Amino acid sequence: MGWRQGVSRSRGGSTLRALVKRIPGARFLARRARSVRSFIVNLCCRTYQSRLNSSYWRSHHFDALDAPFAISDHARENYVVRTSDKVIGKLLYCRGDFDLRKLERAVRIIEAERGSARIDIIYDIGANVGPICIPAIKRGYAARAVAFEPDPDNFRLLRINTLLNSVDDRIVCHQVALGAEIGEAKLIQNTENHGDHRIALCQETPVGDAVTVSVRRLDDFMPETAGVDCLLWIDVQGFEAEVLAGGTKALQAGWPLVLEFTPQDLKANGSFDRFLDLLTTSRYSKIFDLESPSTGSRPVSRAVLTELAADLGRRQTFTDILLL
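This is a predicted model, so every value here is computed, not measured.

(A) Spatial organisation of the overall build of the protein chain. Broken down by element type, the protein chain carries 12 helices and 14 strands. Put simply, 68% of the contacts in the protein chain that link residues at least 6 apart link residues at least 24 apart.

(B) Quick peek at helix 4 (residues 88-95). Judged by how many residues are buried, helix 4 sits mostly within the fold: six of eight residues are covered. Where helix 4 is concerned, the buried positions are I88, G89, K90, L92, Y93 and C94. Where helix 4 ends, the next residue or the one after it, G96, has phi of about 90 degrees, a positive value.

(C) Just a positive patch on the surface, in detail. A surface patch of positive charge is lined by R27, R31, R34 and R37. Relative to the helices and strands, R34 is located in helix 2 (residues 26-52).

(D) Molecular detail of the sheet that holds strand 8 (residues 198-199). With respect to topology, four strands assemble into an open sheet ordered 6-9-7-8, the strand pairing being mixed. With one partner strand each, in any of the chains shown, strand 6 (177-178) and strand 8 form the two edges of the open sheet. In this structure, strand 6 lies alongside strand 9 (residues 209-216), joined through two bridges in parallel fashion. In the sheet register, L178 faces strand 9, and the bridge partner there is R216.

(E) Region of interest: the packing of aromatic side chains. The full count for this structure, using the stated rule, is four aromatic pairs. Where F148 meets F221, the ring centres are 4.9 Å apart and the plane angle is 75 degrees; that geometry is what we call edge-to-face. One end of the pair, F148, is in strand 4 (residues 144-148); the other, F221, is in the loop between strand 9 and strand 10 (230-234), and 73 residues separate them in sequence. Summarising the burial analysis for this pair, F148 and F221 share the class buried. Summarising the aromatic geometry, the rings of F261 and F275 are spaced 5.6 Å apart at their centres and angled 15 degrees between planes, so their arrangement reads as stacked. Within this pair, whereas F261 is found in strand 11 (residues 257-261), its partner F275 is found in helix 11 (residues 272-280), the two being separated by 14 residues in sequence. Taken individually, F261 and F275 each receive the classification buried, so the pair is uniform in this respect. Just above the ring of Y93 sits the side chain of R58; from NZ or CZ to the centre is 4.5 Å. Across from the ring centre of F272, 5.0 Å away, lies the NZ or CZ of K267, which sits over that ring.

(F) Looking closely at helix 12 (residues 302-315). Its 14 residues give helix 12 an end-to-end C-alpha distance of 20 Å, which sits within 8% of 20 Å, the value for a rise of 1.5 Å per residue. Among all positions in helix 12, only V304, L305, L308, A309 and L312 are buried. Looking straight down helix 12, one finds that the buried residues subtend no more than 130 degrees of arc, so they occupy a single side. Away from its buried face by more than 90 degrees, helix 12 exposes A303 and R314. Once helix 12 finishes, Q316 follows within two positions and takes phi at roughly 50 degrees, a positive value.

(G) Main features of the pattern of salt bridges. A full pass over the atoms with the stated rule returns 23 salt bridges. Taking the shortest distance from any N to any O, the salt bridge between R216 and D220 comes out at 3.9 Å. A salt bridge links D273 to R302; its shortest N-O distance comes to 3.9 Å. On the criterion of sequence distance, the pair formed by D273 in helix 11 and R302 in helix 12 is long-range, its members being 29 residues apart.

(H) Representation of the pairing of strand 4 in the model. The buried count for strand 4 comes to four of five residues, which makes it a mostly enclosed element. Looking at chain direction, strand 3 (residues 121-125) and strand 4 are connected through five bridges and run parallel. Its bridge partner being in strand 4, Y123 is matched across the sheet by V146. Running through helix 6 (residues 133-138), the crossover from strand 3 to the neighbouring parallel element strand 4 is right-handed. Both strand 4 and strand 5 (residues 171-174) contribute to a ladder of four bridges, which runs parallel. Across the sheet, residue F148 finds its bridge partner in strand 5, namely H174.

(I) Looking closely at the sheet that holds strand 5. Sheet architecture is open: eight strands sit in the order 5-4-3-10-11-14-12-13, paired in mixed fashion. Lying at the two open borders of the sheet, with one neighbouring strand each, are strand 5 and strand 13 (298-299). Direction of pairing for strand 3 relative to strand 10: parallel, over a ladder of five bridges. When the bridges of strand 10 are listed, I122 appears paired with L231. Against the sheet, helix 7 (residues 152-164) engages strand 4 and strand 5, with an angle of about 170 degrees to strand 5.

Rules used throughout
Residues numbered from 1 in each chain as written. Predicted model: local features only at pLDDT ≥ 70, side-chain atom pairs only at ≥ 80, totals over all residues. Heavy atoms only, no water. Helix = DSSP H or I, 4+ residues; strand = E, 2+ residues; numbered from the N terminus. Contact = heavy atoms within 4.5 Å. Buried < 20%, exposed > 50% of the residue type's maximum accessible area, 1.4 Å probe, protein only. Patch = residues over 30% accessible without salt bridge, like charges linked within 9 Å, V, L, I, M, F, W, Y side chains within 5 Å. Areas by Shrake-Rupley, 256 points an atom, 1.4 Å probe, with all protein chains shown as cover. Salt bridge = Lys/Arg side-chain N within 4 Å of Asp/Glu carboxyl O. Lys, Arg positive; Asp, Glu negative; His and termini not counted. Charge placed at Lys NZ, Arg CZ, Asp CG, Glu CD. Pairing = 2+ DSSP bridges. Phe/Tyr/Trp six-rings, centres within 6.5 Å; stacked < 30°, edge-to-face > 60°. Lys NZ or Arg CZ within 6 Å of the ring centre and 35° of its normal. Expected span 1.5 Å × (residues − 1). Arc of directions from axis to C-beta. Right-handed = clockwise from strand over helix to strand, strands pointing away. Axes fitted to C-alpha atoms, helices over the stretch in contact; angles between N-to-C directions.

Structure, rendered in structure tokens:
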């Protein structure tokens, strides 16, 4: 029965085509109709794509996604992100970068101050899904990278993104937090901002899920070869003093250091004074505010850091600083 129906349909289709061929101009009109249809479909696709190329429309599209993951589509770097991450993940999807301008400004300052911007290894501490270490390698700011990310979900995406951007052979990833001592710690997870996960140091901790993560010391990952030029990039949500305490070799080496300076978090952790002590007794002599329009430096001193902390506290904000 099915075969006969197929034969009947085939004969019917052939008869219809035969009739159409007898109508003057019918074949031309059919080709024109197909051409117009293709033009309309392509126009709709180009319009949709042009909308998605703007950050405004990509932002709304990101919020409307019901899938757990999304992949950005940009000219330079691309990232797989979680759609539940409404900060870094969303910015990577919309713009294709996060904090990249700070990295570029830091590199320019290092070159101006030292006569060379050579970076053999960038240590990306609190790497998230790779928005610093991946473009640092792809754009030639550093030859290699060592990335540290304790959160299991962020770490998986970090590994995926190194593969996606073809830099997995130049970035070594470690699923650990860095601190003053080897051990374990509780990582409090922020469900809406996956870049705001933080190590719990006191009784009062942010609301959210907690996972146990391994803690190592930065000194355990330092290069054995002398003469290696490194850049330390630290973004650990108030855990900076502990990272620096476990990185005395790095502080003694005096490698350029970029870190997020959030006095409120340091004071809440009870580590603000320790943070000041570690920096003011190190080899660093100049501090640059990467958020300031001024390109000048200030001396690394307790007074300068305390004044900067007071100003940030009044404005309820934070900044990123470069130390040389």
